[in-house]
Amino acid sequence: MPLAVHHHTALQLRGGAVRVAELLHRELDKAGHACTRSFELAETGGGRETPPQEVGAAVPKGTLLHLHSTGDWVRLLSGLKQTPLLTLHDCDLFTGGCPYPLDCGHFFNDCLEPCPRNFPECFGYREAKRILVDQTRPVFVSPSGWLARLAREALPGHKVRVIPNGVPWPDAPPDREGARKTLGIHPAARVALFVAHGGAMAAYKSGDRWQGLWDELKVRVPNLLGFAVGGDKAGQENDLHTWPYLDRERMLLLMAAADALLYPSLADNHPLVVLEAMSRALPVVAFAAGGIPEQVTPGETGVLVKERDYSAFVETAASLLGRARLMRDMGMNAHATGAQRFSVERMAAAYEKEYEALAAMNQRPLNKEMH
């Protein structure tokens, strides 16, 4: 039976939440379902801003609401007229304002004030979100078991289903030689990537450390060529080329030309960039942070390093980049195993089951009483 689903995100174009919404939209369309979308912040001149408090009222009757992200959960949840499906792309819904608590002791103490990260009224904001969650009773989905566990602890009484993210997966590994020829990269170069939305400004992704990590790597692997992608500036220093945001086709071409993804993220849920690298037969060097260990199998599809141990990260990356055969084997294994676990078709099929259950649930009136 065809479904109608409305996806809502904070941003129009960038970030993992937007990408997941776009992928689900496309797969649902292919399956014969109807999809619409709203966002709060236009990132192109032709974009239309949609105030989050109006989203619930704007969704046509009989249309399911899938929330991915917002600039203000209190405003968004308070305007809902139906039970939504809500994908937890980060921790913002159950913190005092930060997307990831990391090792903040205040998080495990209800975000009591003052906030060490200077989020205003963090205790009240967190409590307001908790009350609204109890009232609206969203159907929760988390892409990682790691974040699902945090959510269950912070929002007692709520179930959180785990549906790993998925991306389009090519049947065969890419033509690395052809990709390098297209981009003008020498066939014998060792090529490594840093990728994050925000580039050097992406604090949770260690963006401010990319150049320093790279300079240490160049000492150990002299023929190394690097690309740092995702910021708003272009430049080059010590063979590390900084590129601004790339469109999807160009980004995947660059991944196809590379040898490894270097991903020193300090906190992450189930990052799409890791999956996209695996789909292009790239091994991944990353910190064992958040849900990344649920994506990367150490010694088989990449290497995981103890969180915040930057020296070990450099040594591990240098060791892998110096072993061409091992990189190829890990990359091929990442492509083969990831196709079974992280395809976009598998993700869409799992969400489709949740939509069907939500459609039945929304036949009943939304209970606004406190639980």
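Refer to the structure presented above.
Presented here is an overview of the structure given in this document. The model shown is predicted, which means the values in this text are computed figures rather than measured ones.

About the thresholds
- Along each chain, the written sequence defines residue order, and numbers are assigned to residues from 1.
- Given that this is a predicted model, residues contribute local features only at a pLDDT of at least 70 and side-chain atom pairs are listed and counted only at 80 or more, while totals for whole chains, interfaces and linings are drawn from all residues.
- As a rule here, side-chain values cover all heavy atoms of the structure and leave hydrogens and water aside.
- In what follows, salt bridge is the name for a side-chain nitrogen of Lys or Arg lying within 4 Å of a carboxyl oxygen of Asp or Glu.
- The numbering of helices and of strands both runs from the N terminus, where a helix is a DSSP run of H or I of at least 4 residues and a strand a run of E of at least 2.
- Partly exposed residues are those whose accessible area sits between 20% and 50% of the maximum for their type, while under 20% is buried and over 50% is exposed, using a 1.4 Å probe and protein chains only.
- It only takes one pair of heavy atoms within 4.5 Å for two residues to be counted as in contact.
- Axis definition: a line fitted to C-alpha atoms, limited for helices to the stretch in contact. Angles are taken between N-to-C directions and run from 0 to 180 degrees.
- To sort the angles, those under 35 degrees are grouped as roughly parallel, those over 145 as roughly antiparallel, those from 65 to 115 as roughly perpendicular, and the leftovers as oblique.
- The sense of a crossing depends on the near helix, which, turned anticlockwise from the far helix by less than a right angle, makes the crossing left-handed and, turned clockwise, makes it right-handed.
- Under the convention adopted here, Pro, Cys and the residues Ala, Val, Leu, Ile, Met, Phe, Trp and Tyr are nonpolar, Asp, Glu, Lys and Arg are charged, and Gly plus all remaining residues are polar.

1. Things to note about the pattern of salt bridges
Point 1. Tallied over the entire structure, the rule returns 12 salt bridges.
Point 2. Put simply, arginine 19 and glutamate 276 hold a salt bridge, and the shortest N to O gap is 3.9 Å. Taken as a pair, arginine 19 in helix α1 (residues 16-30) and glutamate 276 in helix α9 (residues 272-279) lie far apart in primary sequence, 257 residues in all.
Point 3. Note on arginine 19: relative accessible area 14%, which makes it buried.
Point 4. For glutamate 276, a relative accessible area of 5% translates into the label buried.

2. Some thoughts on α9
Count 3.6 residues to each turn of an α-helix, and residues three or four apart come out pointing the same way.
Point 1. Burial analysis of α9 places 8 of its 8 residues in the buried class, which makes it a mostly covered element.
Point 2. Residues of α9 that are buried include every one of Leu272, Val273, Val274, Leu275, Glu276, Ala277, Met278 and Ser279, and no others.
Point 3. Each element contacted by the buried residues of α9 is listed here: α1, β7 (190-195), α8 (248-257), β11 (260-263), β12 (284-287) and α11 (324-341).
Point 4. A positive phi of about 60° marks alanine 281, the residue just after α9.

3. Digging into the packing of helix α7 (residues 210-220) against helix α10 (residues 310-321)
Point 1. Where α7 meets α10, the closest approach of the two axes is 10 Å, and the angle between their N-to-C directions is 40°. Comparing the axis directions of α7 and α10 gives the class oblique. The element α7 and its partner α10 pack so that their crossing is right-handed. Side by side, α7 and α10 meet where Leu213, Glu216, Leu217 and Arg220 of the first sit next to Tyr310, Phe313, Val314, Glu315, Ala317, Ala318 and Leu321 of the second.
Point 2. A per-class count over the contact of α7 with α10 returns 8 nonpolar, no polar and 3 charged.

4. Here we look at the environment of arginine 308
Point 1. As for its position among the elements, arginine 308 is in the loop between β13 (302-305) and α10.
Point 2. Classification of arginine 308 by relative accessible area gives partly exposed; the value is 44%.
Point 3. Each C-alpha atom of the pair arginine 308 and serine 265 lies 8.8 Å from the other, and the pair is 43 residues apart in sequence.
Point 4. In this structure arginine 308 touches Leu102, Asp103, Leu266 and Phe287, once residues within four positions along its chain are discounted.

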